[in-house]
Amino acid sequence: MKTVVVVGGGGAGAPTVRQLSAVLDPLRHKIILITSRPHFTHLIGCIRAAVTREGGFDELIIMPYDQLLGNSNGQILIAEVKAIAEHGSRGGTVTLANNEVIHWDVLVLAPGSRWEGPIAVPTTYRETKIWFAHWQAKFRRAKEILLVGGGAVACEFAGEIKDLDPDKKVTIVHCHERLLNKTYPNKFRDDVQQRVIALGVTLILGDVVPEAALTSRKVVTRNGITLTPDLIVPCRGPHPNTGLLVSAFGHRVLTPSGHVRIFRTFQLPEHPHIFACGDIADLKEQRQIEKYQSHAAVVAKNVLSLLKCQPAQENYKGRPEIFLLSLGKVDKLHIILDSILTDAWGIFRRMEVLRFSDLDGA
């Protein structure tokens, strides 16, 4: 029996496991998902969950894995992976934190990203509940809040904070001259910027908060602006969680941006039985959960080919850039580049109806 191991049960790992479990023969193939969390955490909803208890988002974003495996084919291990190893054409092993060693014939790595601030959610259900309660109290008490970074995370935090209390003073410091990044047209970025300003948010653009100032009561930006916030929230974006790969194969597997070098099949060069998808994959696209269903489809087809001793030939063709931004509970914006429509808003924003069964038709 051949074993497929998937590391990471987030936005890319979960749909990959679901697709594989639906097509692989349980009499011939074993599927193991290894994830540090006993549940799926919906990161998009973490922003509102961290700011307010209203709507119960701190419950809605925690989703059990009980509906993940199609045809009940597969095994879910709640564990930390401390090492991976490859043994040539014979596959390799994954070593868990408890020193248990698991053999694999095909390895799929989807460990996601490392976040900071309120989105750096802990692993267990109890810790997660305490985490959100802690941040909700912080936001409730703070009168002056500094958001460091001006991407989607900062914009959404600004909207949620102003929903919580319009009188709170919110400042965004962003290194670029416009909010968001250059993927999106300036006209759209300007529209977002005006809406954020209309909420009463102060923007300091083309400036940076020094790293040392993130823990200081008095912040002096690189351009010399002095701020005295009650609460500083880092919103500088995630970093790909590639430590396992670097430990196993060295930094040569990474691009200068810190992402994993892959072919369009999601295979690693020189490591045809190892796949990397989701946030860690080096692709010229914005890293968004909406795209990872397509990552999963390509990976699943290619894994199936390898298990049949056939070459992996399914190539990822990319997805349109779809940007969905919520500025509080009322104001929502979206832009779809390449003019391709999708129902992603309904799937990934309506938290109350999202279940793993929805992944089948996403």
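Relevant structure appears above.
What comes next concerns the included structure. Keep in mind that what you see is a predicted model, and the values were worked out from it rather than measured.

**With respect to the side chain of Glu321**
Tracing the backbone through its elements, the reader meets Glu321 in the loop between helix 8 (289-307) and strand 20 (322-327). Of the residues examined, Glu321 reaches a relative accessible area of 11% and is grouped as buried. At a separation of 2.9 Å, a polar atom in the side chain of Glu321 contacts the main-chain amide nitrogen of Gln286. One polar contact links Glu321 to Lys291, side chain to side chain, over a distance of 2.9 Å.

**Structural notes on the sheet that holds strand 2 (residues 29-35)**
The strand order across the open sheet formed by six strands is 5-2-1-9-19-18, and the pairing between neighbours is mixed. At either margin of the open sheet sits one strand with a lone partner, and together these are strand 5 (75-78) and strand 18 (267-268). Direction of pairing for strand 2 relative to strand 5: parallel, over a ladder of four bridges. Its bridge partner lying in strand 5, Ile34 is registered against Leu77. Its contacts with the sheet put helix 1 (residues 13-23) on strand 1 (2-7), strand 2 and strand 9 (106-109), and the angle it makes with strand 1 is roughly 160°.

**Some points on the pattern of salt bridges**
Following the criterion strictly, the structure yields 13 salt bridges and no others. With its nearest N and O atoms 3.5 Å apart, the salt bridge here joins Lys329 to Asp163. Of this pair, Lys329 sits in the loop between strand 20 and strand 21 (331-336) while Asp163 sits in helix 5 (residues 152-164), and the two are 166 residues apart along the sequence. Lys329 sits in the partly exposed class, given a relative accessible area of 36%. As a salt-bridge pair, Glu290 and Arg319 come within 2.4 Å of each other at their nearest N and O atoms.

Rules of the game
- Residues numbered from 1 in each chain as written.
- Predicted model: local features only at pLDDT ≥ 70, side-chain atom pairs only at ≥ 80, totals over all residues.
- Heavy atoms only, no water.
- Helix = DSSP H or I, 4+ residues; strand = E, 2+ residues; numbered from the N terminus.
- Buried < 20%, exposed > 50% of the residue type's maximum accessible area, 1.4 Å probe, protein only.
- Polar contact = N/O pair within 3.5 Å; in protein donor to acceptor, adjacent residues only side chain to side chain.
- Pairing = 2+ DSSP bridges.
- Contact = heavy atoms within 4.5 Å.
- Axes fitted to C-alpha atoms, helices over the stretch in contact; angles between N-to-C directions.
- Salt bridge = Lys/Arg side-chain N within 4 Å of Asp/Glu carboxyl O.

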